[in-house]
Protein chains: 2
Amino acid sequence: MSDDRPIGVFDSGVGGLTVARAIWELLPNESVTYVGDGAHFPYGPRPVEEIRRFAMGIAEHLVARGVKLLVVACNSIEVSAIGDIAAAADVPVVGVIAPGVRAALRATRSGVVGVIGTEATIRTGSYQRAVGSGATLVAAACPLFVEHVERGDTTSAALRAAAARYLAPLDREGVDTVIMGCTHYPLLSGLLQLELGPDVVLVSSADETAKDVYAELVRADALRDAPDAPVHTFATTGDPEAFRRLAEQVLGLEVGDVDRAVIAEDAA
Amino acid sequence: MSDDRPIGVFDSGVGGLTVARAIWELLPNESVTYVGDGAHFPYGPRPVEEIRRFAMGIAEHLVARGVKLLVVACNSIEVSAIGDIAAAADVPVVGVIAPGVRAALRATRSGVVGVIGTEATIRTGSYQRAVGSGATLVAAACPLFVEHVERGDTTSAALRAAAARYLAPLDREGVDTVIMGCTHYPLLSGLLQLELGPDVVLVSSADETAKDVYAELVRADALRDAPDAPVHTFATTGDPEAFRRLAEQVLGLEVGDVDRAVIAEDAA
């Protein structure tokens, strides 16, 4: 039996496309329906309550469109709303935090793990709760990273200076494993590895999340097994042309036509 | 100073595109010149001497085209010819084995590391030499994997049965870290993680190699820093249309026009 329903993936912007792409790599036969909340990007500096409201609207929109699985491809959304999303959705929900934390706990030898993310992600302490007593966690907010990545900059002197400043506490505390707790950050892993040094293991939440999606679909016997090509659709609550351009510039992804998503709450 | 020369990446087929893509992610401003040896694909089952001859021809072709760095994006080529390639090239040469081994040695806690690859890669014992006394290495050849990936199959029952069979020795020996020693294998990481279990760290040579390329270009002060978009070119010694189709089907990559590469040795 082929389960032809798409996988729903959502984020505040284009960052979650790193997760979508990781899913396509592991599951090239699956269709993905992607929604970015461009109208409200970036989520990082917003209050948790506001992020929750926006995210619930998009999750409901995707469930109404018949997705078989919801992927919360954004740390800021997950720390703000994953419980509410899972309670409201009648399909499995996969986030980015648990897969990343699990990978970090299996990779650390010293028991001192770092996490870097947006201000919203770090401030909620969600990684601290997810790690629990499994390791000592050192968290650092890296507010300028997303902006640099979205300008296509992964190498400038300004970015490298910011990275050195952000990462200094991790180095001081002796982390041997660092979770990239923002879907934009895998695009900085060259820089991060260079700054952190060759002995640090970098964990990509995007890659780990894609593996969890694979395992979940196998477990639920919900793989798509059809001979025709999968169909991917992309929508944003913001400017479709800006989304298309960013996806191409930042990720080299040709996303084709991008729809304008109208989320119930916007209309309310 | 902007170094506008492209990075040269080569492989027996399209598998090395996983490395090229990882490089684009970390260095979106760099141009890549890619050559696949489609006329002689697959390298896996071929004698080392033959692989060396083909690979030297392509490396010389790329150097003649003015690349600033050569990436040997194929384990079979690296085990057969990296020394000769580095001796003949007047630009830095980055392979896939050292980055993957380094990442595995920093991730292992038990000191028992696995490596999976094609028959050529495993049979030469190159991973054994690279790991040295740093860990106990358990190697397994996975001859059917490339074929499945190139059919776009990452989930079938036949593939999963093959994976269970190939990976049994790694499980038996208690590996806690596994190097994906073939550029096609990152596309199987959902399956591999599921089969190996959640406690095993999977190392992607493609991702680790891209980080080494980043570090090498920073070190050599050879980054491209131009305002215009980078230019990627793709060529194969085989059928350009087959290359284009595989790149799109297997990796979802739109590579545009693919040239037919004529390698000196072919003409000889």
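Rules of the game
- Residues numbered from 1 in each chain as written.
- Chains lettered and ligands numbered in written order.
- Predicted model: local features only at pLDDT ≥ 70, side-chain atom pairs only at ≥ 80, totals over all residues.
- Heavy atoms only, no water.
- Domains from an automatic or database assignment.
- Contact = heavy atoms within 4.5 Å.
- Buried area = accessible area lost by both parts, 1.4 Å probe.
- Salt bridge = Lys/Arg side-chain N within 4 Å of Asp/Glu carboxyl O.
- Phe/Tyr/Trp six-rings, centres within 6.5 Å; stacked < 30°, edge-to-face > 60°.
- Helix = DSSP H or I, 4+ residues; strand = E, 2+ residues; numbered from the N terminus.
- Buried < 20%, exposed > 50% of the residue type's maximum accessible area, 1.4 Å probe, protein only.
- Lys NZ or Arg CZ within 6 Å of the ring centre and 35° of its normal.
- 1 Å grid on protein atoms, 1.4 Å probe; cavity = no way out; pocket = protein on both sides within 12 Å on 5 of 7 lines; lining within 4 Å.
- Points joined across faces, edges and corners; volume = space filled by probe spheres on them.
- Nonpolar A, V, L, I, M, F, W, Y, C, P; charged D, E, K, R; others polar.
- Least-squares fit on C-alpha atoms with pLDDT ≥ 70 in both.
- pLDDT = per-residue confidence, 0-100.
- Polar contact = N/O pair within 3.5 Å; in protein donor to acceptor, adjacent residues only side chain to side chain.
- Core = buried A, V, L, I, M, F, W, Y, C linked by side-chain atoms within 4.5 Å.
- Axes fitted to C-alpha atoms, helices over the stretch in contact; angles between N-to-C directions.
- Parallel < 35°, antiparallel > 145°, perpendicular 65-115°, else oblique.
- Left-handed = near helix turned anticlockwise from the far one by under 90°.

Asks: A description of the domain arrangement of chain A should follow, citing residues and the corresponding values.
Replies: All names here are of chain A. In terms of domains, chain A is made up of domain 1 (7-95 + 207-267) and domain 2 (97-205). For domain 1 versus domain 2, the distance between C-alpha centres works out to 22 Å. Listed by partner, the interface residues are 30 residues for domain 1 and 26 residues for domain 2. Interface of domain 1 and domain 2: buried area, both sides summed, is about 2,000 Å²; carbon and sulfur atoms make up 53% of it. For domain 1, the biggest contributors to the area lost against domain 2 are Asn75, Val79 and Glu208; these three give 31% of the whole. On the surface where domain 1 and domain 2 come into contact, there are 2 salt bridges. For Asp212, the salt bridge goes to Arg102, with nearest N and O atoms at 2.9 Å.

Asks: Help me get a handle on the packing of aromatic side chains, residues and values and all.
Replies: Residue and element names in this part refer to chain A. Under the definition given, this model contains 12 aromatic pairs over all chains. With a centroid separation of 6.4 Å and 45° between ring planes, the pair formed by Tyr34 and Phe234 is classed as tilted. Here Tyr34, found in strand β2 (residues 32-36), pairs with Phe234, found in strand β9 (residues 233-236); they are 200 residues apart in sequence, far enough to count as distant. You can call Tyr34 buried: its relative accessible area is 0%. Look at Phe234 and you get buried, because its relative accessible area is 6%. A cation over an aromatic ring shows up here: Arg165 above the ring of Tyr166, its NZ or CZ 5.6 Å from the ring centre.

Asks: Describe empty space enclosed by the protein, with residues and values.
Replies: Within the structure shown, the criterion is met by 4 cavities of 30 Å³ or more. In this structure, the largest cavity spans a volume of roughly 810 Å³. Along its surface, the largest cavity is lined by 40 residues, and A:Ser204, A:Asp207, B:Ser204, B:Asp207 and B:Glu208 are the ones closest to its centre. For the lining of the largest cavity, the elements supplying multiple residues, two or more each, are α1 (17-26), α4 (97-107), β8 (201-204) and α10 (205-219) of chain A together with α1 (17-26), α4 (97-107), β8 (201-204) and α10 (205-219) of chain B. Each residue belonging to the lining of the largest cavity can be placed in one class, and the counts come to 22 nonpolar, 6 polar and 12 charged.

Asks: Requested: an account of the relation of the copies chain B and chain A, with residues and values cited.
Replies: Expressed as a screw operation, the relation of chain B to chain A combines 0.0 Å of axial shift with a rotation of 180°, fitting to an RMSD of 0.0 Å. Here the symmetry operator amounts to a two-fold rotation axis. Among all residues of chain B, the minimum C-alpha distance to the rotation axis is found for B:Ala107, at 2.7 Å. Interface residue correspondence from chain B to chain A reaches 100%, placing this contact among same-surface, isologous pairings.

Asks: Which residues make up the confidence of the model for chain A, and what values do they have?
Replies: All names here are of chain A. Taken over all residues, the pLDDT of chain A has a mean of 93, while the share at 70 or more is 99%. The element-level mean pLDDT for chain A is lowest in helix α12 (residues 264-267), coming to 56, with strand β3 (residues 69-72) highest at 98. Both scores are available for the predicted complex, with the pTM at 0.90 and the ipTM at 0.87.

Asks: Account for the interface of chain B and chain A, naming residues and giving values.
Replies: With 34 residues of chain B at the interface, the matching set in chain A holds 34 residues. Of the roughly 2,900 Å² buried between chain B and chain A, counting both surfaces, carbon and sulfur atoms make up 59%. Three residues stand out in chain B for area buried against chain A, namely B:Glu25, B:Arg106 and B:Tyr214, and they jointly supply 22% of the buried area on that side. Counting across the interface, chain B meets chain A through 2 salt bridges. A salt bridge links B:Arg21 to A:Glu25; the nearest nitrogen and oxygen atoms lie 2.2 Å apart. Joining chain B to chain A, the criterion identifies 16 residue pairs in polar contact (both at pLDDT 80 or more). For the side of chain B that touches chain A, the secondary-structure elements that each account for two or more residues are α1, α4, α9 (189-196), β8 and α10 of chain B. A per-element tally of the side of chain B that touches chain A places α10(B) first, with 6 residues.

Asks: Kindly report on the nonpolar core, identifying the contributing residues and their values.
Replies: With 153 residues, the main nonpolar core has A:Leu17, A:Ile116, A:Phe145, B:Leu17, B:Ile116 and B:Phe145 as its most contacted residues. Residue contacts for B:Phe145: discarding those within four places in its chain leaves B:Ile116, B:Leu159, B:Ala163, B:Tyr166, B:Tyr185, B:Leu188 and B:Leu192.

Asks: Explain the pattern of salt bridges to me, using residue names and the numbers behind them.
Replies: Residue and element names in this part refer to chain A. Taken as a whole and judged by the stated rule, the model has 30 salt bridges over all chains. Residue Arg46 pairs with Glu50 through a salt bridge whose shortest N-O separation is 3.1 Å. Among the residues examined, Glu50 registers a relative accessible area of 23% and is labelled partly exposed. Residue Asp176 pairs with Arg109 through a salt bridge whose shortest N-O separation is 3.2 Å. Placement of the pair is Asp176 in the loop between α8 (157-172) and β7 (177-180) and Arg109 in the loop between α4 and β5 (112-117), with a sequence separation of 67 residues.

Asks: Which residues make up the packing of α1(A) against α10(A), and what values go with them?
Replies: Residue and element names in this part refer to chain A. Packing of α1 against α10 brings their axes to within 8 Å, and their N-to-C directions diverge by 50°. Here α10 runs oblique to α1, going by the angle between their axes. Crossing handedness for the pair α1 and α10: right-handed. The residues of α10 that touch α1, namely those facing Thr18, Val19, Ala22, Ile23 and Leu26, are Ala206, Asp207, Thr209, Ala210, Lys211, Val213 and Tyr214. Of the residues contributing to the contact of α1 with α10, the split by class is 8 nonpolar, 2 polar and 2 charged.

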